[in-house]
Amino acid sequence: MSARRKERAEGEIVSEEEDRRSVEDEDFEEVMKEVAFSTAARKENAPPKQNIIPHIPEVVDDFLRNFLRRAGLTQTLNSFEAEWYSPAQKLLTGSLTMAGTGVFFIPDALTHRQLLLSELETVHRETDQLRQEVLVSGDSLVRMQRERDFHWLQYRRVAEDKNRLIEDFKQLKKHLQSYAPALRQLDDKYQAALRQKMLISLQKDRIQNTTEERLNQEKVSKERSTKRSNSGDKSSSKSSIRHTRHQEDTEFPVYSCPLSSHLTQVNFEKVKSPSSFSLSCTIRAHELPISCIDLHPQQQILASASDDCSWRLWALPANGEKVAQMVLTGEGHSDWLSGCSFHPDGVKLATTSGDTTVRLWDLSHGCCVLTLSGHSQPTWGCSFHSCGHFLASCSADKTAKLWDLKSQRCRLTLRRHTASVNSVCFLSFSNLLLTCSADKTLAMWDARLGVCTATFHGHQHPCNHTTFSLAGNAIASCDSRGIIKLWDIRKPALAVATVDAGPLAANQVAFSPSGKMLAVASSDAVVRVVEVDSCMVSCLSGHSDAVQSVSFDHKGESVMSAGSDGVVNIWS
């Protein structure tokens, strides 16, 4: 019985102890909640983004410590002290700052003092660092002031030099202006000397050609006199009748040797790729459109005919020069010029015009020596015979005429075309004449008899120009649709090749001396270079308006073009 009472008493004591502990735990939890609530309230009332060091009363931790000691909760007391003082230790290592509010929890005054001391040391350290930076900045300021003074002195010196140079420049400019009249006078003398030199050269060529012609005529006259002495009375009487009828007419030369024998004297150029040409020189030749250009047969002199009713001679640049010099100019036509052609000896120039006449100019005197009238409509072009005694012209009156320059009369009028005859060309060292017309055909004539020997059909649009190759075995023609056709002189029935350079018109074609390239003047402001064998086309752009005329130089190394923009371009 006593044992049961003892056990019951012990159980009641245990239950009371447990109740007391549960009550104490509940009180502890309430106290912790109050502490947490007060801490949260202080956080909410604190201004944002400021480091606040709150003062936590020591009554709270003493109360908790005394309560746990009275209750005999030694382990709980040890855990509380360990957790309570751990934030202070962490604060000393710099980890007490809360990420959200930046608030420091200081458990007591000692820790607070240590924290303030550490912050004071940081402040002292930063102060020393700033002091060093201020000293360095002071030194830099002094150095920059010295450099400023140095550069200011340099600026003043440079400004004085500049002012002195400006004064010298003004004096030199005045000095140069004083030389301007003398320079202009020297330039005029140079131009006059250059023109005189060119004229002397032309006169020299003329004298040489005249001497050779006189010797040839004496030789021919001796041969004729020998033949006459051996002929009968009847034939001699007939020849005398012919002589009295046209005693000033010139006989056509007879070419007994083939054309290839003449070509052996020609040095053909090395084959040059059409794509290798580039613009090397530009000449502002006329203010109005240029209708035709032609190259001197021996020298680097270019003739240009323009809508301004004048023709001009230009000395082409050589030895790397970039500027061409005008040598001579002539005026006399009453309307625009349509074509020009050099005499084979280079001392005369023939021009055609909208005034229906053909004029012959003596370049040594710079004047017109012969006017050929016979066409009823504008003349489009002309071409000299290789002997130099005959000149062929074509016109919008549907005819081509052959003029004897010695008798100064029309020897033949070629009528076959049914529309304007736009081009005429003699084959070198032969009596063959080639014409093209707006009736879409080409015609080849025997100039001695005035007979058409072949007709070329194939163009579907009016033909603008045609020409022989230097070898004489090929013909090129172009029409108003930009179609270019290559013909074999022995096979007029069908074109050998066709090149389309349209849709705009092709105005003129020109073979290179070797006959391997063909230059085309197109109305789309482009010069086209065609490889005759492969018909590959390369384009040269440099004109601002339609290209009217093209030509190769003597070696085939350059292409010259002229157009409606009044400009002559040289492509090398």
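Residues numbered from 1 in each chain as written. Predicted model: local features only at pLDDT ≥ 70, side-chain atom pairs only at ≥ 80, totals over all residues. Heavy atoms only, no water.

Once that is clear, we can look at the overall build of the protein chain. For the protein chain, the helix and strand inventory stands at 6 helices and 28 strands. Counting over 572 residues, the protein chain shows a buried share of 39%. The long-range share in the protein chain, meaning contacts at least 24 apart out of those at least 6 apart in sequence, stands at 48%. Split by element, the accessible area of the protein chain, about 33200 Å² in all, is 53% carbon and sulfur. (Helix = DSSP H or I, 4+ residues; strand = E, 2+ residues; numbered from the N terminus. Buried < 20%, exposed > 50% of the residue type's maximum accessible area, 1.4 Å probe, protein only. Contact = heavy atoms within 4.5 Å. Areas by Shrake-Rupley, 256 points an atom, 1.4 Å probe, with all protein chains shown as cover.)

The 4 strands lie next to each other as β10-β11-β12-β13, forming an open sheet whose pairing is antiparallel. The open sheet is flanked by β10 (379-384) and β13 (409-415), the only strands paired with a single partner. When the angles between neighbouring strand axes are averaged without regard to direction, this sheet yields 20°. As judged from the 5 bridges shared by β10 and strand β11 (residues 390-395), these two strands associate in the antiparallel manner. Each residue of the ladder has a partner; that of G381, found in β11, is C394. (Pairing = 2+ DSSP bridges. Axes fitted to C-alpha atoms, helices over the stretch in contact; angles between N-to-C directions.)

Taken together, 4 strands build an open sheet; the order of strands is β2-β3-β4-β5 and the sheet is antiparallel. Of all strands in the sheet, those with a lone pairing partner are β2 (290-295) and β5 (325-331), marking the two edges. Each strand axis lies, on average, 20° off the axis of its neighbour in the sheet, ignoring direction.

What follows deals with the pattern of salt bridges. This structure, assessed with the given rule, holds 10 salt bridges. Ionic pairing is found between R490 and D488, a salt bridge with its closest N-O pair at 3.2 Å. For R490, a relative accessible area of 65% corresponds to the exposed category. With a closest N to O distance of 2.8 Å, R528 and D524 form a salt bridge. The exposure class assigned to R528 is buried, which follows from its relative accessible area of 11%. What makes D524 partly exposed here is its relative accessible area of 29%. Each of R157, D161 and R164 takes part in one network of salt bridges that share partners. (Salt bridge = Lys/Arg side-chain N within 4 Å of Asp/Glu carboxyl O.)

The next thing to look at is the UniProt feature "repeat: WD" (unreviewed entry) in the protein chain. Within the UniProt annotation, "repeat: WD" (unreviewed entry) is assigned to residues 283-314, 330-371, 372-413, 414-455, 456-497 and 540-572. Strand forms 59% of residues 283-314 and helix 0%; the C-alpha atoms that close the span are 9 Å apart. Between the C-alpha atoms that bound residues 540-572 there is a distance of 11 Å. The span itself is 0% helix and 55% strand. (UniProt positions renumbered as here; feature names shortened; annotations may be inferred.)

Attention now goes to the environment of R411. By the element assignment, R411 lies in strand β13. Since its relative accessible area comes to 25%, R411 is described here as partly exposed. R411 sits 10 residues away from K401 along the chain, and the two C-alpha atoms are 7.6 Å apart.

Okay, the packing of aromatic side chains next. This structure, assessed with the given rule, holds 5 aromatic pairs. Centroid distance W336 to W380: 5.7 Å. Interplanar angle 20°. Geometry classified as stacked. Placement of W336 in the loop between β5 and β6 (337-342) and of W380 in strand β10 is noted, with a sequence separation of 44 residues between them. What makes W336 partly exposed here is its relative accessible area of 26%. Relative to W487, the ring of F456 lies with its centre 5.4 Å away and its plane at 75°, an arrangement referred to as edge-to-face. Of this pair, F456 sits in strand β17 (residues 451-457) while W487 sits in strand β20 (residues 483-488); the two residues are 31 residues apart in sequence, bridging distant segments of the chain. A residue is classified by how much of its surface remains accessible, and F456, at 0% relative accessible area, is buried. (Phe/Tyr/Trp six-rings, centres within 6.5 Å; stacked < 30°, edge-to-face > 60°.)

Moving on: the pairing of β6. Within β6, 6 of the 6 residues are buried, which leaves it mostly tucked inside the rest of the structure. Pairing of β6 with strand β7 (residues 348-353), which is carried by 5 bridges, proceeds in the antiparallel orientation. Each bridged residue has a counterpart across the sheet, and for G339 the counterpart in β7 is T352. Hairpin connection, β6 to β7: the antiparallel pair is bridged by 5 residues, and G346 has positive phi, about 80°.

Let's shift gears to the pairing of strand β26 (residues 547-552). Among the 6 residues that make up β26, 5 are buried, leaving the element largely enclosed by the rest of the structure. What sits between β26 and strand β27 (residues 559-563) in their antiparallel hairpin is a turn of 6 residues, with G556 showing a positive phi close to 75°.

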